[in-house]
Amino acid sequence: MTYSEILESARSCVGPYCKSCPICNGIACRNTMPGPGAKGLGTGFIRNYQKWQELCVNMDTICENRPVDTSTQLFGQPMALPVFAAPVGAMTLHYGDKYDDLQYNDLLVSACAENGIAAFTGDGTNPAVMEAAAGALKKAGGRGVPTIKPWDMGTIRAKLELVKAAEPFAIAMDIDGAGLPFLKNLDPPAGSKTVDELRQIASWAERPFILKGIMTVEGAKKALTAGASAIVVSNHGGRVLDNCPSTAEVLPAIADAIGGRMTILVDGGIRTGMDVFKALALGADGVLIGRPFVNMIYGGGAEGVRVYVEKLQAELADTMAMCGAHTLSEIHRSMIFGY
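Here goes a summary of the coordinates provided. For every chain, the first residue of its written sequence is number 1, and the numbers climb from 1 along that sequence. Reporting of local features is limited, given that this is a predicted model, to residues whose pLDDT is at least 70; pairs of side-chain atoms are given and counted only at 80 or more, and all residues count toward the totals for whole chains, interfaces and linings. Side-chain calculation: all heavy atoms of the structure are included, whereas hydrogens and water are not.

Quick look at the environment of Gly 286
On the secondary structure map, Gly 286 appears in strand 10 (residues 286-289). The criterion used for residue contact is that any of the two residues' heavy atoms lie within 4.5 Å. Beyond its immediate stretch of four places on either side in the chain, Gly 286 contacts Pro 82, Ile 264, Leu 265, Val 266 and Leu 280. Helix and strand definitions follow DSSP, with helices as H or I runs of at least four residues and strands as E runs of at least two, each counted in order from the N terminus.

Rendered as structure tokens:
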């Protein structure tokens, strides 16, 4: 199947809110929660996508003519390209009943591992979601990152013990999940965490701890103080707070402040290999992509993941070649117009 055929197939089974649009930009699904859209007026999702498109790259082909290498190592793992599938949860609520969280994570983790990248798995109010994610990670030899919601400390510790048995190479927490409407007033409770609480969680993890949901320099510095090994610059796809800046807008300052001291990942509106290039040029070490992987799974299963990863890698390699970068380490900010 081609990428377009997989999207067409997804339109027959995803929904009712997601439209499997040719361009996943948040416009058709704005203000749909439940659903894949953003909170409030839906500006967060839309702005994330638009700001990557506003960035232009500087073409320069006066350089050595040699092959481009998109590979890297992140958290000690060889990666065909610096891309992770982002954690997505509540599949039947947001995307339709073809897959539940358990089936989606099982497919996604194995397909990503087979194609040289890795997946973050989601969490949910149903304990079976994390149990199944741990099972999927164990089958994949720990090739993935379980992501825990900011529950109360007792629930977090119990979930950490569960997923550590799968021996994942890192563990994440989406701290911005504290703002998800469907987590309000639930048992177990979820909410913000102090630096001291995060330091305790990082020590319980006993492996690289990734804090997802950082949107300010101050937040990045707090994550560093808390002992996080990495952050994900993320506004949760615009799903937790309307009128946020985009991740592309805040990434450069965060990278300047803490780059080299911890791994920096970024998500939000990244759709193509050229977007990946732009994120690396602005200071990220890698990216997370969420909703497009949902469409690939719904439309093509494991084959959909393969087709999308190959598309991303080809686009990244082409952009690198046309901008004079032969390895990821050669990508720098001057390759973005205006920087």
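Additional details are given in the paragraphs that follow.
What about the sheet that holds strand 3 (residues 83-85)?
Strand order in this closed barrel of 8 strands is 3-4-5-6-7-8-9-10, and the pairing throughout is parallel. Taking each pair of neighbouring strands and ignoring which way they run, the sheet shows an average axis angle of 25°. One requirement defines pairing of two strands: DSSP has to find at least two bridges between them. Pairing analysis gives 2 bridges linking strand 9 (residues 263-266) to strand 10, with the strands arranged parallel. Bridging from a neighbouring strand, Val 266 pairs with Val 287 of strand 10. Axes, fitted as lines to C-alpha atoms, cover a helix only where it is in contact. Angles between the N-to-C directions of the axes lie from 0 to 180 degrees. Together, strand 3 and strand 4 (118-121) form the strand contacts of helix 4 (residues 101-114), whose direction differs from that of strand 4 by roughly 155°.

Let's talk about empty space enclosed by the protein
Space inside and on the surface of the protein is sampled on a 1 Å grid over the protein atoms alone, with a cavity defined as a set of points where a 1.4 Å probe fits but cannot get out and a pocket as an open set with protein on both sides within 12 Å along at least 5 of 7 lines; lining residues have an atom within 4 Å of a point. Grid points are joined across faces, edges and corners, and a volume is the space filled by probe spheres set on the points. The final tally for this structure, using the stated rule, is 1 cavity of 30 Å³ or more. There is about 100 Å³ of room inside the largest cavity. Forming the walls of the largest cavity are 16 residues, and the residues nearest its centre are Cys 18, Cys 21, Cys 24, Cys 29 and Phe 45. Each residue gets one label: Ala, Val, Leu, Ile, Met, Phe, Trp, Tyr, Cys and Pro are nonpolar, Asp, Glu, Lys and Arg are charged, and the others, such as Gly, are polar. Residue composition of the lining of the largest cavity, by class: 10 nonpolar, 4 polar and 2 charged.

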